[in-house]
Structures are given as structure tokens and as C-alpha cells.
Amino acid sequence: MTAPPLFRRIALIGFGLIGGSIARAARAQGLAGEIVVTARSAKTRARVTELGIADRVVDTNAEAASDADLVILCIPVGACGAVAQEIASHLRPDAIVSDVGSVKGAVVREMTPYLPTSVHFVPAHPVAGTEHSGPDSGFAELFINRWCILTPPDKTDIAAVDKLRAFWTAIGARVEIMTPQHHDLVLAITSHLPHLIAYTIVGTADELGEVTSSEVMKFSAGGFRDFTRIAASDPTMWRDVFLANKDAVLEMLGTFNEDLSKLTRAMRRGDGEALFEHFTRTRAIRRGIVEIGQDSAAPDFGRLQTGAKKP
Ligand SMILES: NC(=O)c1ccc[n+]([C@@H]2O[C@H](COP(=O)([O-])OP(=O)(O)OC[C@H]3O[C@@H](n4cnc5c(N)ncnc54)[C@H](O)[C@@H]3O)[C@@H](O)[C@H]2O)c1
Ligand SMILES: O=C(O)C(=O)C[C@]1(C(=O)O)C=C[C@@H](O)C=C1
């Protein structure tokens with residue numbers, strides 16, 4: 001006899017890279033009796049129907065949420081509060097409600113006031129993605145060997161957290177639990193600041209204009225090409241990330257600017273030793289990550305504290 005699926009009905013609100021990948025992975029692993037999907041635009045809903053990944057495609061967020069035992073918001077972080085308000089009165093009293101937002105503090109602040117106290121709110125962030133978006137961009141293997149960070153509020157029912165952990169584990173992720181504040185600080189340096197830098201450098205190269213533009217394209221084989229991939233990421237998603245995690249990103253940006261000034265000074269002074277020392281240190285960091293087979297994993301940021309400066 002086969003075991004019953006982990007969830008009787010999973011509702012996915014939003015069907016882009018992440019919603020689409022969850023649907024494909026959950027289906028491949030048989031984790032839901034039924035997968036119900038909704039998306040904001042009729043065009044996306046029609047495409048989801050065409051793809052045949054969902055058991056049911058419905059027109060409204062409320063309809064998707066009703067009677068689901070797991071509801072996952074797969075939408076930009078800036079939209080989570082309004083959608084929580086919209087679905088609140090349609091949720092099963094014992095539903096697990098989650099999200100996949102790249103920022104956790106703001107999402108928790110904006111969703112919590114609307115959610116009935118009987119539902120189990122377990123915010124999540126799969127630290128896996130690509131620069132692509134939309135209903136065709138998802139794939140079932142996206143989460144394999146990637147971290148998924150859960151940030152449940154203190155008094156969350158352990159059984160609900162364990163059930164969501166089992167879900168993410170079943171689709172390949174490694175699960176870690178932390179507070180929303182710690183999450184936002186760690187992700188500010190590992191994900192948000194790198195995106196800000198990529199958006200900046202590609203814009204800067206573009207502003208160099210006609211003089212060099214052909215050369216920018218022609219010689220962008222390595223480093224710059226990697227930046228252009230990151231800078232092609234979805235503008236709505238990243239606008240929301242920078243607005244929602246403003247404080248942590250600004251803090252990291254402050255430290256980054258100090259370090260950039262140090263390297264700039266070393267260059268000006270012709271201080272090759274300082275440059276060599278810095279590049280040797282960063283090379284060792286990369287090699288350490290690759291050696292332990294964790295180039296997809298976050299380094300240990302246990303010592304990262306708000307306001308803390310590097311020694
Ligand atoms: N792209 C990544 O690499 C990545 C990785 C991890 C987490 N995330 C997070 O996942 C979430 C979704 O990102 P994605 O990459 O799947 O985006 P996407 O653009 O591929 O899909 C977003 C979906 O949300 C819907 N949507 C947009 N605005 C909405 C609104 N105001 N109300 C309701 N629905 C709306 C869109 O129609 C679409 O179905 C974001 O919160 C993002 O921060 C993204
Ligand atoms: O690989 C990429 O394209 C990504 O940007 C993925 C990435 C990241 O920065 O690591 C982007 C945002 C998410 O919240 C999680 C993952």
C-alpha cells in the first residue's frame with residue numbers, strides 16, 4: 001500500500017520561477033493529493049492549464065486558498081500583505097500558510113496581522129533561483145541540494161514546522177531554521193548586495209555609451225557576462241527586495257564601501273602587498289566553499305550580528 005501524500009491539497013498563489021518549480025517538484029514526488037494554482041493574469045493561468053502541471057487552475061486567490069492544507073504565496077514580497085488579507089477568511093482553521101519571499105522580516109510583519117491565529121504561519125525562503133521568471137521558467141530540480149530557510153515565529157506549532165520541513169526535504173532542499181532578522185542580514189550580504197552590485201556595474205558599463213559599447217559586448221566573456229546574468233533578474237522582484245530589506249542592505253553596503261575604499265587606496269598607493277593579501281584571502285574563501293562541496297551553500301554566518309564590523 002502506498003503512503004498517503006504529505007498534503008491533501010496544496011495551493012500555490014503565483015506561478016513563476018518558484019511557484020512553477022514547486023508545482024513540478026511536488027508533483028514529481030507525489031507530495032499532494034491535489035495541486036491548486038492561481039496566478040494574477042489570465043494569460044499565466046491559461047499557460048498553467050496548458051502546461052498541465054496543476055490539478056486545478058482557479059481565478060482567485062481566495063478560491064485557491066479555501067480548503068487547502070498548505071498554502072504557499074509565490075509572489076513578490078511587496079504583494080504578500082495584500083494577498084494575506086485577501087485569503088485570510090477563506091483559510092482552513094488548521095492550514096499551514098507559507099511563502100517563498102527573499103526577505104523575511106517585512107513579509108512576517110505584513111502578513112501576520114491578517115492571518116487567523118489558528119493557522120500555522122511558517123515563512124520560508126528557498127535559496128535557489130535563476131535570472132528567469134514566468135510560468136515556463138520553473139523546473140523540478142531547482143531545489144536539489146539548495147538551502148531552504150524557515151523562519152517560524154517563536155510559538156509556532158512544531159508539527160507544522162516539521163511538516164513543512166518534510167515537504168522541502170522531499171523536493172531536495174536542505175532546511176535550516178533562523179529568525180527573520182538573522183535571515184535578512186545573512187541574505188543581505190550573500191544575495192541582495194551582489195545583485196545590487198551587478199545591477200550597478202551593468203548600468204555603469206551601459207552608460208559608457210557608444211565609445212565602448214561594442215567592446216563591452218565583444219569582450220564580455222567572463223566576469224562581466226556573469227554580472228549581466230544576475231542583472232537580468234526580474235525588476236519587480238528585486239525592487240521589492242531592496243525596499244523590504246533596506247536596513248540590512250544599507251548596513252552591508254556601508255561595510256562594502258569601506259572595503260572598496262581600502263582597495264582603492266591600496267591601488268592608488270601602488271601597495272601591491274595589500275592587494276595580493278586581499279585577493280589571497282578571498283581565493284581561500286572560494287576554495288574552502290568548493291572543497292566542502294558547498295558552492296551552493298551559505299558559508300557559516302553564525303557570527304554575523306547586526307552592527308558588527310569585521311575584525
Ligand atoms: N527568482 C529567484 O531567484 C527567487 C529565489 C528564491 C525566492 N524568490 C522569491 O520568490 C517569489 C517569486 O519570485 P519568482 O522568481 O517566482 O517570480 P516570477 O516573476 O517568476 O513569478 C511571480 C508570480 O507572482 C505573480 N504576481 C506578481 N505580482 C503579484 C501581485 N501583486 N499579486 C499577486 N500575484 C502577483 C506573477 O503573476 C507570477 O505568477 C518572490 O518573493 C521572490 O523574492 C525568488
Ligand atoms: O542564481 C541566481 O540567479 C540567483 O540570484 C538566486 C538567488 C541568489 O541570490 O542566490 C536570488 C534570490 C533568491 O532569493 C535566492 C537565490
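- The name recorded for the protein in an unreviewed UniProt entry is prephenate dehydrogenase, from Nitrobacter vulgaris.
- The record in UniProt for the protein states the following under Pathway (unreviewed entry): "Amino-acid biosynthesis; L-tyrosine biosynthesis; (4-hydroxyphenyl)pyruvate from prephenate (NAD(+) route): step 1/1."
- Within the UniProt record for the protein, the comment given under Catalytic activity (unreviewed entry) is "prephenate + NAD(+) = 3-(4-hydroxyphenyl)pyruvate + CO2 + NADH".

Points about the site of ligand 2
Here comes step 1: All residues in the neighbourhood of ligand 2 are listed as Ser102, Val127, Ala128, Gly129, Thr130, Glu131, Ser191, Ile230 and Ser233.
Here comes step 2: Taken together, the residues of the shell around ligand 2 break down into three nonpolar, five polar and one charged.
Here comes step 3: In this structure, the shell around ligand 2 is formed jointly by two domains, domain 1 (7-178) and domain 2 (182-291), each of which donates at least three residues.

Examining the sheet that holds strand S3 (residues 56-58)
Here comes step 1: Pairing in this open sheet of six strands is parallel, and the strands run S3-S2-S1-S4-S5-S6 from one edge to the other. Two strands in the sheet have a free side with no partner beyond their single neighbour: S3 and strand S6 (120-121).
Here comes step 2: Across four bridges, the pairing between strand S4 (residues 70-73) and strand S5 (residues 96-99) is parallel. Paired with isoleucine 72 across the strands is serine 98, a residue of S5.
Here comes step 3: With respect to the sheet, helix H1 (residues 17-28) is in contact with strand S1 (7-13), strand S2 (32-38) and S4, its orientation differing from that of S2 by roughly 160°.

Details of the nonpolar core
Here comes step 1: One finds Leu12, Val37, Val71 and Cys74 to be the most contacted residues of the largest nonpolar core, which totals 64 residues.
Here comes step 2: Among the elements that make up this core, the one with the highest residue count is H1 (six residues).
Here comes step 3: Each of domain 1 (7-178) and domain 2 (182-291) gives at least three residues to this core.
Here comes step 4: Sequence-distant contacts of leucine 12, defined by excluding residues within four places in its chain, comprise Gly19, Ile22, Ala23, Ile35, Val37, Ile72 and Cys74.
Here comes step 5: One finds Leu187, Ala188, Leu196 and Val249 within the second-largest nonpolar core, a separate group that totals nine residues.

As for helix H4 (residues 80-87)
Here comes step 1: Those residues of H4 not exposed but buried are Cys80, Val83, Ala84 and Ile87. In an axial view of H4, the angular spread of the buried residues amounts to 105°, which keeps them on one side of the axis.
Here comes step 2: For H4, the secondary structure elements touched by its buried residues are S1, helix H3 (61-65), S4, S5 and helix H5 (105-111).

Considerations on the confidence of the model for the protein
Here comes step 1: Averaged over every residue, the pLDDT of the protein is 91; the share at 70 or more is 91%.
Here comes step 2: Predicted confidence is poor over residues 296-311, with pLDDT under 50, and the contacts of this stretch with residues over four places away or in other chains come to 13 contacts.
Here comes step 3: Complex prediction metrics read pTM 0.92 and ipTM 0.98.

What counts, and where the lines are drawn
- Residues numbered from 1 in each chain as written.
- Chains lettered and ligands numbered in written order.
- Predicted model: local features only at pLDDT ≥ 70, side-chain atom pairs only at ≥ 80, totals over all residues.
- UniProt positions renumbered as here; feature names shortened; annotations may be inferred.
- Near = placed C-beta within 6 Å.
- Nonpolar A, V, L, I, M, F, W, Y, C, P; charged D, E, K, R; others polar.
- Domains from an automatic or database assignment.
- Pairing = 2+ DSSP bridges.
- Helix = DSSP H or I, 4+ residues; strand = E, 2+ residues; numbered from the N terminus.
- Contact = placed C-beta atoms within 7 Å.
- Axes fitted to C-alpha atoms, helices over the stretch in contact; angles between N-to-C directions.
- Core = buried A, V, L, I, M, F, W, Y, C linked by C-beta atoms within 7 Å.
- Buried ≥ 20, exposed ≤ 12 C-beta atoms within 10 Å, placed from the backbone.
- Arc of directions from axis to C-beta.
- pLDDT = per-residue confidence, 0-100.

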